[in-house]
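Residue-level structural notes
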Amino acid sequence: MSVYRISEDKWVEYVKELVREYQVYAPIVKTNSTDFEEITPEKIGRINYGGNTASTPLKAFFFPFKENVVVAADKKPRIIIGVPNCDLAALDLLDNIYLGGEFEDLYYKENREQTILFGKDCDSIKDSCHCSAYGLKPYAEKNCDISMSVWDGNFYLVPMSTKGEAFLDKHRINQNETLAALPEKVVQQRAGLVTALQNQNKDIPDEQASRRGIEKENPELWKKHAATCVSCGACSLICPTCHCFLLIDRRDFEKVKNWDACQLPGFSRVAAGEDPLLKLYERLKFRYLCKFVYKPDMFKAIACTGCGRCIDACLGKINKNEVLIEACQGG
Amino acid sequence: MQERNIYKPIKAELIKVIEESPTIKTFVLVPEVEFSFKTGQFIEVTVENVGEAPFTPSSSPLETKQLEITVMKTGYVTEIMHTMQPGQYMGIRGPYGRGYPLEEFYDKEVLILGGGCGFAPIRSLLYNLKAISDKLRKVTFCYGSKTPEECIYKPYIKELRETPKFEVFRSVDKADESWEEKVGVVTVLLDDVKVDIPNSAVVVCGPPIMMKFGTKKLLEMGYPEDKIYLSMEKNMSCGLGKCGHCAMGHYFVCKDGPVFSYNEIKDSPNIWS
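Residues numbered from 1 in each chain as written. Chains lettered and ligands numbered in written order. Predicted model: local features only at pLDDT ≥ 70, side-chain atom pairs only at ≥ 80, totals over all residues.

1. A few points about the overall build of chain A
Per the secondary structure count, chain A includes 13 helices and eleven strands. Computed over C-alpha atoms, the radius of gyration of chain A comes to 21 Å, within 12% of the 20 Å expected from 2.2 N^0.38 for 331 residues, which places it in the range of a compact globule. Overall size of chain A, expressed as C-alpha extent along the three principal axes, is 65 × 55 × 40 Å. Intrachain contacts of chain A at a sequence separation of at least 6 include 72% that bridge at least 24 residues. (Helix = DSSP H or I, 4+ residues; strand = E, 2+ residues; numbered from the N terminus. Rg over C-alpha atoms; globule rule 2.2 N^0.38 Å. Contact = placed C-beta atoms within 7 Å.)

2. A look at the domain arrangement of chain A
All names here are of chain A. According to the domain assignment, chain A consists of domain 1 (3–185) and domain 2 (207–328). For domain 1 and domain 2, the distance between their C-alpha centroids amounts to 27 Å. With 29 residues of domain 1 in contact, the opposing surface of domain 2 contributes 27 residues. At the level of elements, strand E4 (66–68), helix H3 (85–89) and helix H4 (91–99) are the ones that each hand at least two residues to the side of domain 1 that touches domain 2. The element that contributes the greatest number of residues to the side of domain 1 that touches domain 2 is H4, accounting for five residues. (Domains from an automatic or database assignment.)

3. Comments concerning the domain arrangement of chain B
Accessible area lost on assembly of the parts is the figure often given for the size of an interface. Residue and element names in this part refer to chain B. Taken domain by domain, chain B consists of domain 1 (10–96) and domain 2 (102–231). Computed from C-alpha coordinates alone, the two centres of domain 1 and domain 2 are separated by 23 Å. Taken together, the contact between domain 1 and domain 2 spans 15 residues of the former and 14 residues of the latter. Every element with two or more residues in the side of domain 1 that touches domain 2 is listed here: strand E1 (10–21) and strand E5 (67–72). Grouping the constituent residues of the side of domain 1 that touches domain 2 by class yields six nonpolar, eight polar and one charged. (Nonpolar A, V, L, I, M, F, W, Y, C, P; charged D, E, K, R; others polar.)

4. Quick look at the interface of chain A and chain B
Between chain A and chain B, the residue contacts involve 33 residues of the former and 38 residues of the latter. Every element with two or more residues in the side of chain A that touches chain B is listed here: H4, strand E10 (245–249) and helix H11 (280–299) of chain A. Its residues assigned to classes, the side of chain A that touches chain B shows 21 nonpolar, three polar and nine charged.

5. Section: the packing of helix H8 (residues 207–215) of chain A against helix H13 (residues 320–328) of chain A
Residues and elements named next belong to chain A. Remark: H8 packs on H13, axes separated minimally by 8 Å, with the N-to-C direction vectors making an angle of 70°. Compared by their axis directions, H8 and H13 come out roughly perpendicular. For the pair formed by H8 and H13, the contact residues are Ala209, Ser210, Gly213 and Ile214 on the first element and Leu324, Ala327 and Cys328 on the second. In terms of residue class, the contact of H8 with H13 is made up of five nonpolar, two polar and no charged. (Axes fitted to C-alpha atoms, helices over the stretch in contact; angles between N-to-C directions. Parallel < 35°, antiparallel > 145°, perpendicular 65-115°, else oblique.)

6. Overview of the nonpolar core
Ranked by internal contacts, the top residues of the largest apolar core, which has 152 residues, are Phe118 of chain A together with Ile112, Val202 and Val203 of chain B. Among the elements that line this core, the one with the most residues is helix H2 (residues 119–131) of chain B, at six residues. Beyond its immediate sequence surroundings of up to four residues, Val202 of chain B is in contact with Leu111, Leu113, Leu218, Tyr223, Lys227, Ile228 and Tyr229 of chain B. (Core = buried A, V, L, I, M, F, W, Y, C linked by C-beta atoms within 7 Å. Buried ≥ 20, exposed ≤ 12 C-beta atoms within 10 Å, placed from the backbone.)

7. Remarks on the environment of Ala247 of chain B
Note on placement: Ala247 of chain B falls in strand E13 (residues 247–248). Through-space distance from the C-alpha of Ala247 of chain B to that of Met236 of chain B is 8.9 Å; in sequence the pair is eleven residues apart. The residues contacting Ala247 of chain B, other than those within four sequence positions of it, are Cys290 and Tyr294 of chain A together with Phe252 of chain B.

8. A closer look at the sheet that holds E10 of chain A
All names here are of chain A. Taken in spatial order, the three strands make up an open sheet running E4-E11-E10, and their pairing is antiparallel. The sheet terminates laterally at E4 and E10, the two strands that pair on one side only. Across the sheet, the mean angle separating the axes of adjacent strands is 25° when strand polarity is ignored. With three bridges joining them, E4 and strand E11 (residues 255–259) adopt antiparallel strand pairing. Bridge assignment links Asn68 to a residue of E11, and that residue is Val256. (Pairing = 2+ DSSP bridges.)

9. Here's the deal with the sheet that holds strand E9 (residues 178–179) of chain A
Residues and elements named next belong to chain A. The mixed open sheet is built from eight strands, whose spatial order is E3-E2-E5-E6-E7-E8-E1-E9. The outermost strands of the open sheet, each flanked by one partner alone, are strand E3 (34–38) and E9. When strand E6 (residues 115–120) meets strand E7 (residues 146–151), the two strands line up parallel, connected through three bridges. Within E7, the position partnered with Gly119 by the bridge is Ser147.

Put into structure tokens, the structure is as follows:
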């Protein structure tokens, strides 16, 4: 493994160079949230390299909220800095759905190919963070091009893909500062956060236990938790693995791919009126079945990466982990 | 983009509109490029600036220059469709999904149970079965509609009745003086048909309620679960297994269906709604 070390002041110069050639996005701290913004030289000093999840899931870069999928827009190569592992892990499922099988989504494919992903090490956890419940780590493990760790005023970059290697070859970082491995302090920082996550999430059932709990016939559980659901769809829209969309028709046979959500009324209603997800509590249960039963079986990929966004976003204060803990009670 | 864009429709000229019943019309379309499909597969049909909906073509899959869709006026897109005139254009994408397993029907009797506008996909199947009738023992078609007025494809029924190896039974829920065939829901026709169940397969296509009770009756008659083929209808947007709308348990109906054998889906939730 090659690790490239760069000091903070040199990194700032490096990003200034990148901004000339690429659209660069990174998390910026705002009043009540952290979210991705396009980086200009003036914003470089405001980038949050640690933290945890940004409000917007990574999927929005590859599967935008709204995208014309008949007339292609001109796209500039992009760099996304500061992507947490819960978002990177979601790409297993999204890539499988959009690029796998008989039909490839060329728009998703181009968006993916045009992007260099810098994974990050989370350095804090929010109350809803629970990637560890599903065996994920709070630092980049795969699905990114370069992993980035920050320690003591230095940035440590590790190529994670051939695309990442080619990128670092093209945009050279001071090659004299190449290390054979990450500094022990970075490794310790990572381990410390893993322990903190495990302690925070020790009561959350893992994928298999969750699956067994959800599959039980227990309509009362779903009715109880659906009581405060207002069908806003926020949990699905904000989820890094939710992939559902609706094609909206425009003039000249153009189509716009718009995010859609199974929690919204009418999502599954057919023209004649039948609707398998008519009842709110059945919609809620469907979401959990989709995440822990159907998607893992259909695509062999995890459909919840423990980012916790659905918990933070829920207007009805439905805590997905509390639902799962309850679903798993009673054997 | 050089590769195929799965979301871009092919333009197809509407050359003829046939009024099949007060609520059902057949649209004859000529796509800009030759278009082929397998019977039972579906296409996504776009009405420009309005919307898109899935339909299984009702024409012969052996015809590649033009195709027909038979559409019941039942929602937003189909209401606009029913106002369209020859010379206008629709968009088509596809074909998508898994159609009828014709090879499974070889050396067998084929029983077909259809209801209402479910005759549309069945007509495409019947065209195909006629073309391979030397490989089949017999085709029995039981068709039900609400009223005689709502019985579609009347000239085709006549033609079918004159075709060797094919027999047709019809029923209506509510008869009038002109009606000389059976009265009752379509499953009553099954009491009269003579089929060699161990050597036959059955296809069911129609409204969900008819599919539900039709399947129940067929199971009672002794049809094995894996010999009952159902053409499932779900809300669909992309038709490609990506948009998630047609999720039915472990399946996306668009990609894994729309034709399923009953044993494949019997444990899936809400199959009849």
